[in-house]
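As a plain string of letters, each chain reads:
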Amino acid sequence: MYQEEGDIVGGGPGAGTGTVAGTAATAPGLEHLLVSLQLTDSAFPSGFYTLSHSLEGFAHAKAVDSGALPQLLESLLLHGVGPADATALALAHRACRAGDPEAVVAVDAHLFATKLGREMRQAATRTGRQLLDLASEVFDRPEIADYFARVVRREAPGTQAVAAGVIYAATGVPVRQAVASDLFAFCASFAGAALRLRLTDHRKAQTLLHGAAPVIEAAVEAALRRELPDVGATVFASDIMSGRHERAEARLFAS
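Because the structure is predicted, anything quoted here is derived from the model rather than measured.

Some words on the environment of Val162
Now for step 1: Mapped onto the fold, Val162 is located in helix 8 (residues 160–170).
Now for step 2: With 50 residues separating them in the primary sequence, Val162 and Phe112 have C-alpha atoms 9.8 Å apart.

Some remarks on the side chain of His93
Now for step 1: Inspection of the secondary structure assignment puts His93 in helix 4 (residues 69–97).
Now for step 2: Excluding its chain neighbours within four sequence positions, the residues that come into contact with His93 are Gly165, Tyr168, Ala169, Val173, Pro174, Val175 and Ala178.

Digging into the packing of helix 7 (residues 142–152) against helix 8
Now for step 1: Packing of helix 7 against helix 8 brings their axes to within 8 Å, and their N-to-C directions diverge by 155°. Between helix 7 and helix 8, the crossing angle belongs to the class labelled roughly antiparallel. Of the residues in helix 8, those in contact with Glu143, Ile144 and Tyr147 of helix 7 are Val162, Val166, Ile167 and Ala170.
Now for step 2: In terms of residue class, the contact of helix 7 with helix 8 is made up of six nonpolar, no polar and one charged.

Remarks on the pattern of salt bridges
Between side chains of opposite charge, a pair can form as their charged atoms come close.
Now for step 1: Tallying each qualifying case throughout the model produces five salt bridges.
Now for step 2: Salt-bridge contacts for Glu221 lead to Arg176; the nearest nitrogen and oxygen are separated by 2.9 Å. Here the residue Glu221 occupies a position in helix 11 (residues 213–225), and Arg176 occupies one in helix 9 (residues 175–196), the gap between them amounting to 45 residues.
Now for step 3: Exposure remark for Glu221: the relative accessible area of 31% places this residue in the partly exposed category.
Now for step 4: Given the relative accessible area of 45%, Arg176 is considered partly exposed.
Now for step 5: Taken together, the salt bridges that share partners define one network made up of Glu102, Arg150, Arg153 and Glu155.

Cut-off values and rules
Here the residue numbering is sequential within each chain, running from 1 through the sequence in written order. The predicted origin of the model limits local features to residues at a pLDDT of at least 70 and limits the giving and counting of side-chain atom pairs to 80 or more, whereas totals for whole chains, interfaces and linings rest on all residues. In computing side-chain values, all of the structure's heavy atoms are included and hydrogens and water are not. Numbered from the N terminus, helices here are DSSP runs of H or I no shorter than four residues, and strands are runs of E no shorter than two. Whether two residues are in contact is decided by their heavy atoms, any of which lying within 4.5 Å being enough. In this analysis, axes come from line fits to C-alpha atoms, helices being fitted only over the stretch in contact, and the angle between any two N-to-C directions falls in the range 0 to 180 degrees. By the definition adopted for this analysis, an angle is roughly parallel if under 35 degrees, roughly antiparallel if over 145, roughly perpendicular if from 65 to 115, and oblique otherwise. Nonpolar residues are Ala, Val, Leu, Ile, Met, Phe, Trp, Tyr, Cys and Pro. Charged residues are Asp, Glu, Lys and Arg, and all others, Gly as well, are polar. By definition, a salt bridge exists where a carboxyl oxygen of Asp or Glu is found within 4 Å of a side-chain nitrogen of Lys or Arg. Exposed residues in this analysis have more than 50% of their type's maximum accessible area, buried residues have under 20%, and partly exposed residues fall in between, with area computed by a 1.4 Å probe over protein chains only.

Put into structure tokens, the structure is as follows:
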């Protein structure tokens, strides 16, 4: 009979300890993976998956097609969300782990200031606030509740990336895994938007996500090396498309 590692068969030494908890003890750190999976799941109602990350603006302008999606996603990762949100997430994570909420606020304010368009600022703070609100209940960590209270009191903008950094830090998720998880969530959201905009199909969307893996790795490593003055995006075409999108008569997405 097939035997999983940690299973107890019969009454040998250790019989009676072959429980699910006993098996889980052989996989240290799995709880951190599960937190990451929960936070990046589209079923987690933070509103992150209502965003197209400027893709709808590109689609309205007929400036992107299915063949250009990988290049656009790569550009957004390496020159947009990577230097901005992913870097801010890493810095907020470290500050939270160090017990320095004022440093977290400084990162939050800096990231908010780098978002040039009203639509992008509103999307970041709306999803960030919702993320903190829900996570403070789900994970019941004082650091999350305390930072959410600061956002409610308008002492911090509460951008999504910084909110995620606080939550990942408070739940013990390592910073590299936290940044990678959030960047993958960005890619999944981008691919989902491409599906709804009929720029791709379900099979090609999965190929798009898989192809983004090495770009995500590069973006993670770069984000972990940056400091606060480095936070900021340089994808000006995305800013332009976002500005056009917020004035569009019909929109599927909030950004």
